[in-house]
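Breakdown of the fold
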Amino acid sequence: KAGVTQTPRYLIKTRGQQVTLSCSPISGHRSVSWYQQTPGQGLQFLFEYFSETQRNKGNFPGRFSGRQFSNSRSEMNVSTLELGDSALYLCASSEASGTVGETQYFGPGTRLLVL
Amino acid sequence: AQSVSQHNHHVILSEAASLELGCNYSYGGTVNLFWYVQYPGQHLQLLLKYFSGDPLVKGIKGFEAEFIKSKFSFNLRKPSVQWSDTAEYFCAVTNTGFQKLVFGTGTRLLVSP
């Protein structure tokens, strides 16, 4: 099976702009989670989507939003970009079968630089 | 709130040395514990996980970890490291039934040949 794919891989934006990142989960996986990775804060959970619904949310401002489509593909959007939004954004997918200890599989990430 | 502590931020070892990376978590309730590894330029990938049963779990590439409930710890071990183990290692925890992983700050391991 193909792994989790994320597009684009690299992105440069300026403050105030908005950005949309895309994630395609592993085939058959129904849950998609997003994480932000920065040198200062490490890996932080943004949100999780399952069956087109946001199921969990981390402590990020409302400028960060996401959605999931019927084919489980997901997008996240960041509006009114700030310098501090520069980070590696990781997407992870899992089967969401209800199995205890289910593994999340990570994509390569989208590296966003805000100037 | 859930938190995960990794005490060693940077570790430097020579090949064939033994490795132990500490991980402590703060959370009440049933947890699932994971160690992920990020090799230079590669994706985060799962090394091993614990969710129930034998507290000593074995993962890929000769790694193992022991869950000690009374100490809220899940330390990662490898008896003999190789140069190819140079990477960043992340401990993570989640509640059973939830997908929100809470990560530690990571430990950068450098293995010198």
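Refer to the preceding data block for the structure.
The following refers to the structure shown. Note that this is a predicted model, so its numbers are computed, not measured.

1. Quick notes on the overall build of chain A
Helix and strand content of chain A: zero helices and eleven strands. Listing the helices and strands of chain A from first to last along the sequence gives β-β-β-β-β-β-β-β-β-β-β. In terms of principal-axis extent, the alpha carbons of chain A reach across some 40 × 25 × 25 Å. Every one of the 115 residues in chain A was classed for burial, and the buried ones make up 52%.

2. A closer look at the side chain of S94(A)
Structurally, S94(A) is set in strand β9 (residues 87-94). Reaching out from S94(A), the side chain makes a polar contact with the side chain of E102(A) at a distance of 3.2 Å. With residues near it in sequence (within four places) discarded, S94(A) still touches H29(A), R30(A), S31(A), E102(A), T103(A), Q104(A) and Q99(B).

3. Points about the sheet that holds strand β7 (residues 64-68) of chain A
All names here are of chain A. In spatial order, the strands read β1-β3-β8-β7; together these four strands make up an open sheet with antiparallel pairing. Of all the strands in the sheet, the pair left with one neighbour each is β1 (5-7) and β7. The mean inter-strand angle of the sheet, taken between neighbouring strand axes irrespective of direction, is 20 degrees. In this sheet, strand β8 (residues 74-78) lies alongside strand β3 (residues 19-24) in antiparallel orientation, the contact comprising five bridges. When the sheet's bridge partners are listed, S22 is paired in β8 with E75.

4. Focus on the interface of chain B and chain A
Counting residues at the interface gives 16 residues for chain B and 20 residues for chain A. Here chain B packs against chain A, burying approximately 1,700 Å² in sum over the two surfaces, 57% of which is carbon and sulfur. Where chain B packs against chain A, one counts zero salt bridges. Taken together, the links from chain B to chain A amount to five residue pairs in polar contact (both at pLDDT 80 or more). Elements represented by at least two residues in the side of chain B that touches chain A include exactly β5 (31-38) and β6 (44-50) of chain B. With four residues, β5(B) is the single largest residue contributor to the side of chain B that touches chain A. In terms of residue class, the side of chain B that touches chain A is made up of nine nonpolar, five polar and two charged.

5. Some details on the packing of aromatic side chains
For the structure on display, the rule yields 14 aromatic pairs over all chains. Between Y25(B) and F72(B) the ring centres are 5.5 Å apart and the planes differ by 70 degrees, which places this aromatic pair in the edge-to-face class. Taken as a pair, Y25(B) in strand β4 (residues 24-26) and F72(B) in the loop between β8 (64-68) and β9 (73-78) lie far apart in primary sequence, 47 residues in all. For Y25(B), a relative accessible area of 7% puts it in the buried group. The partly exposed category is assigned to F72(B), whose relative accessible area is 38%. Ring centres of F63(B) and Y89(B) lie 5.6 Å apart, and the angle between their planes is 45 degrees; this geometry places the pair in the tilted category. One end of the pair, F63(B), is in the loop between β7 (56-58) and β8; the other, Y89(B), is in strand β10 (residues 87-95), and 26 residues separate them in sequence. Taken individually, F63(B) and Y89(B) each receive the classification buried, so the pair is uniform in this respect. Within the aromatic cluster, the residues linked to one another by ring pairs are Y35(A), F45(A), F106(A), F34(B), Y36(B), F90(B) and F103(B). The residue whose ring lies beneath R55(A) is F50(A), and the NZ or CZ to ring-centre distance is 4.4 Å.

6. Regarding the environment of S33(A)
Assignment of secondary structure puts S33(A) in strand β4 (residues 31-38). With relative accessibility at 1%, the residue S33(A) sits in the buried group. For the pair formed by S33(A) and A2(A), sequence separation is 31 residues and the distance between their alpha carbons is 17 Å. Among residues more than four places away in sequence, those in contact with S33(A) are F45(A), F47(A), E48(A), L90(A), C91(A), A92(A), Q104(A) and Q99(B).

7. Looking at the state of the cysteines
Summed over all chains, the structure comprises two disulfides over all chains. Through a disulfide, C23(A) is tied to C91(A); the S-S separation comes to 1.7 Å. Between C23(A) and C91(A), the disulfide has an S-S torsion of -60 degrees and is therefore left-handed. One end of the pair, C23(A), is in strand β3; the other, C91(A), is in strand β9, and 68 residues separate them in sequence. C91(A) carries the same exposure label as C23(A), and that label is buried. Between the sulfur atoms of C23(B) and its disulfide partner C91(B) the distance amounts to 1.9 Å.

Calculation rules
- Position numbers for residues start from 1 in each chain and track the written sequence from start to end.
- The order in which chains are written sets their letters, starting at A; the order in which ligands are written sets their numbers, starting at 1.
- Owing to the predicted nature of the model, reporting of local features is limited to residues with pLDDT of at least 70; listing and counting of side-chain atom pairs is limited to 80 or more, with chain, interface and lining totals taken over all residues.
- By convention in this description, side-chain values take in all heavy atoms of the structure and omit both hydrogens and water.
- Numbered from the N terminus, helices here are DSSP runs of H or I no shorter than four residues, and strands are runs of E no shorter than two.
- In this scheme, a residue with accessible area under 20% of its type's maximum is buried, one over 50% is exposed, and one in between is partly exposed, where area comes from a 1.4 Å probe on protein chains only.
- Under this definition, polar contacts are N or O atom pairs within 3.5 Å; protein pairs additionally need one hydrogen-donor-capable and one acceptor-capable atom, and for neighbouring residues in sequence, both atoms have to be side-chain atoms.
- Whether two residues are in contact is decided by their heavy atoms: any pair within 4.5 Å suffices.
- We treat two strands as partners when DSSP finds at least two bridges between them.
- Every axis corresponds to a line fitted to the C-alpha atoms, with the helix fit spanning only the stretch in contact, and the corresponding angles, defined between N-to-C directions, vary from 0 to 180 degrees.
- Accessible surface is computed with a 1.4 Å probe, and the buried area is the amount of it that two parts give up when combined, taken over both parts together.
- When a carboxyl oxygen of Asp or Glu is within 4 Å of a side-chain nitrogen of Lys or Arg, the pair counts as a salt bridge.
- Three categories are distinguished: nonpolar for Ala, Val, Leu, Ile, Met, Phe, Trp, Tyr, Cys and Pro, charged for Asp, Glu, Lys and Arg, and polar for the others, with Gly belonging to the last.
- Here the aromatic set is Phe, Tyr and Trp, taking the six-membered ring for Trp, and pairing holds for ring centres within 6.5 Å; pairs whose planes are under 30 degrees apart are stacked, those over 60 apart are edge-to-face, and all others are tilted.
- Ring-over charges, as used throughout, are those where CZ of Arg or NZ of Lys falls within 6 Å of the ring centre and within 35 degrees of the ring normal.
- The disulfide criterion is simple: two cysteine sulfur atoms within 2.5 Å.

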